[in-house]
Structures are given as structure tokens and as C-alpha cells.
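Each chain is listed here by its residues.
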Amino acid sequence: MSIRHTILGLLILMSFAGGCSAGPAAAPPTQTPPPTAQAQPSATPTVAPAPQPTPSPTDTPAPATLELVSSIADNPDPLRRPVDVALDRQDALYVVDSLNQRILKYDPDFHFLAAWGSAGSGEGEFNFVEGVDGYGGVAIDLQGNVYVADTHNSRIQKLSREGRFLLQWGGKGEGEGQFLAPLGIIVDQNGNVYVGDYGRNDIQKFDSSGRFLLKWGSAGSGDGEFNQLSYLAVDSQGNIYVADTYNDRIQKFDGQGRFLAKWGKFGVKDGEFNRPYGVAVDAEDIVYVAEYKGNRVQEFDSSGRFLLQWSDAGGAESALHEPSGLKVGHNGNIYVADYGHNRIQVFRKSAP
């Protein structure tokens, strides 16, 4: 064999040996992964872990199973545009029966107990009607007192649990303690009363006797601004949730009116809204939103992460049409003012 062939053979063998040798493993990346990456444990830096899907706010969970517990439509006589509901500590139910200009009360088993009010502007009278539309809001404090947003009388009325007039405050105007069209009303654990005014696009806070404490909000689409806000809710921490109806979103504030968060935009997908009206919070701070034009209820955690949505619970009997105010009872029942169907729908939710 020639020297040339010997050298060529040696070069080939050296090349082959170099390609098969176990060189140093590549070091794992040291840069911080992007915020959306989900870190997964692995046996060694060089072995990719098996894919592990992680939930995200845009995932659509399996629908919950809903049972229609009760439907209240004609007790003591036909309801006409029930627009809001409230519950006391025993889960007695209070309903703003707007076109009938009254408040209805039912026991926890949905038996009718009493009706209060009539059309007018005197003590214990209401003006919930504008044209063919009904308005009004209701809330209950820990002592069982009933607060009514008497929308077109531009005032708040406070009644006893038996419907006896106690006091009122307000009057038409844009000063402190006045109203143009009060609608959403809630009472926190300390007895403070929050009133959302869809005419003024603001929220005012009062003590239980109607003394003005503070206000926030103005017309607009920025943080802390509103476009015809509707109903309010309060969670276990005293945070306030607002259905910012014509901005198609929910805004969240602390009890002093400081902006905390917002979510939603116009649309029909999960986490989007078509005119959110009602908002409620349960004992675990799950947030429920009723869409007046979307004909459904969506559920979120307290930071706005979408959980699930439901509309008809499986049939026409329980379908929703223009749902308005809603509340969640201590027993877990969900009470919805089914405005367009002239009834109150009571659901019980179970895991899918």
C-alpha cells in the first residue's frame, strides 16, 4: 500500500472516531423563560418532559350541571319585569317587581310572604318605571333591613324586614348624596351602603343612616370610569364589583373606590360580554355575571379568570331571556331575575 493510501486511511479513521465520541452535553439555557412558558420538571437537562397541558383563562371547562330548583312567576299574581333580587341571612328572597311598583318577599322555600309598595313618591312608594322599561335595586343588611334604589324618585328608601318605612335620602341632582338614576345597591359587612347611579356614572358610599362618605367614577371608558353601570356586588374582603354595562366589562375596586382590576369586552366568547347587568359573589368569592343581551350567566374567579358559562341549563323551561340582577344564597342556590320571562329562576349547581 502506498504512503498516500496509508495517510488517507488514517484520516478517514480519525474522522469516523471523532464523529462517534460522546462530547460534552449542551448546557441548559440560562435565560429566564417568557412569562407564558410553563416550567415542567425533567429527569435531566437533556431529556424533554412529556407534554403536560395546563389550563388557561381561555380554556373552556366542561359545563356545570344545573338543576332548576324553582321558577317564581305568578305568586301572588303575575310578576311584571322583575329586575333585581336580594337575600337575607336566612335566604328569604326579596324581589323588585318593577312594573308592578313593589317589593315581594318569599321565605327560603319560595312561599310568598308579603308585598310592599305602590306607584308614587311618598314614603314606601316607588317609581321604577320609565316608558316600558323597569328599573330598581334592592339590598339587605345583616340586621335584615331592606334598602331600595327607588330609581326614578332619585332616592334610597330604607325599610324594616316587615316593610315598614324607616328613612330615605337622596333627591335629584349631582351633588354629594344626590342621585339622577340610582340602580345598583349593596351593603357590606360593616353596614356601609354603596349605590351605583347609571345616570351619573358614579358610585356613592354611605353609612346605614344615609350619611355621605365618599364617591368615585365618571363617564368614560378608562379605569374607574363607567358607561351606564348597572348592578354591584361585594366579596368577603369588602371589594366592590361593578357591571359596567355599556363598556361590556366588570370593574373591581376596594371599599375606598381604588381601582383594582377589570375584565371583559364586547363579544360572545368566554370572558366577553353583551351588556352585563347583574353581578354577584358567592361565599368562595366566585363572581357571577348576568348578560342582559347575551342571555347567559358567566362565572369567574375573583381576579377575572373565566371558569364556565351557562344559559338554559338544558331546556326551554329553564332558559334565560334578558337576565338582570342575580344573587347567590348561603345554601348555594343561584337566584336570577329573568326579566324578559317575567319570573325568578332558582338554580342549583353541581360539578360536571
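To be clear, the structure that these remarks concern was listed above.
In short, a report on the structure. Everything quoted here is computed from the prediction, not taken from an experiment.

Section: the packing of aromatic side chains
Geometrically, a pair of aromatic rings is defined through the distance of the ring centres and the angle of the planes.
Thought 1: For the structure shown, the criterion picks out 20 aromatic pairs.
Thought 2: Look at Tyr277 and Tyr292: their rings are 4.5 Å apart centre to centre, the planes differ by 15°, and that puts the pair in the stacked class. Of this pair, Tyr277 sits in strand 22 (residues 276-281) while Tyr292 sits in the loop between strand 23 (287-291) and strand 24 (296-300); the two residues are 15 residues apart in sequence, bridging distant segments of the chain. Comparing Tyr277 with Tyr292 shows no difference in burial state: the two are buried.
Thought 3: Among the aromatic residues, those joined into a cluster by ring pairs are Tyr147, Trp169, Phe179, Phe206 and Phe212.
Thought 4: The ring of Tyr339 carries the charged tip of Arg81 above its face, separated from the ring centre by 5.2 Å.

What to know about the sheet that holds strand 15 (residues 212-216)
Thought 1: The strand order 12-13-14-15 describes an open sheet built from four strands, whose pairing is antiparallel. The open sheet terminates on both sides in strands that have one partner only, identified here as strand 12 (182-187) and strand 15. Shown here is a sheet whose adjacent strand axes are inclined to one another by a mean of 20°, direction ignored.
Thought 2: Direction of pairing for strand 14 (residues 202-206) relative to strand 15: antiparallel, over a ladder of four bridges. Counterpart to Phe206 in the pairing with strand 15 is Phe212.

Thoughts on the pattern of salt bridges
Thought 1: Inspection of every chain in the model, using the stated rule, returns 16 salt bridges.
Thought 2: Salt-bridge contacts for Arg102 lead to Asp77; the nearest nitrogen and oxygen are separated by 2.5 Å. Residue Arg102 is located in strand 4 (residues 102-106), and its partner Asp77 is located in the loop between strand 1 (65-72) and strand 2 (82-87); the two are separated by 25 residues in the primary sequence.
Thought 3: Residue Arg102 is classed as buried on the basis of its relative accessible area of 9%.
Thought 4: Look at Asp77 and you get partly exposed, because its relative accessible area is 32%.
Thought 5: Residue Glu272 is joined to Lys265 by a salt bridge in which the shortest nitrogen-to-oxygen separation is 3.9 Å.
Thought 6: Under the relative-accessibility criterion, Lys265 is labelled exposed at 51%.
Thought 7: One network of salt bridges, with partners in common, ties together Asp77, Asp97 and Arg102.

Quick notes on the rules
- Residues numbered from 1 in each chain as written.
- Predicted model: local features only at pLDDT ≥ 70, side-chain atom pairs only at ≥ 80, totals over all residues.
- Heavy atoms only, no water.
- Phe/Tyr/Trp six-rings, centres within 6.5 Å; stacked < 30°, edge-to-face > 60°.
- Helix = DSSP H or I, 4+ residues; strand = E, 2+ residues; numbered from the N terminus.
- Buried < 20%, exposed > 50% of the residue type's maximum accessible area, 1.4 Å probe, protein only.
- Lys NZ or Arg CZ within 6 Å of the ring centre and 35° of its normal.
- Pairing = 2+ DSSP bridges.
- Axes fitted to C-alpha atoms, helices over the stretch in contact; angles between N-to-C directions.
- Salt bridge = Lys/Arg side-chain N within 4 Å of Asp/Glu carboxyl O.

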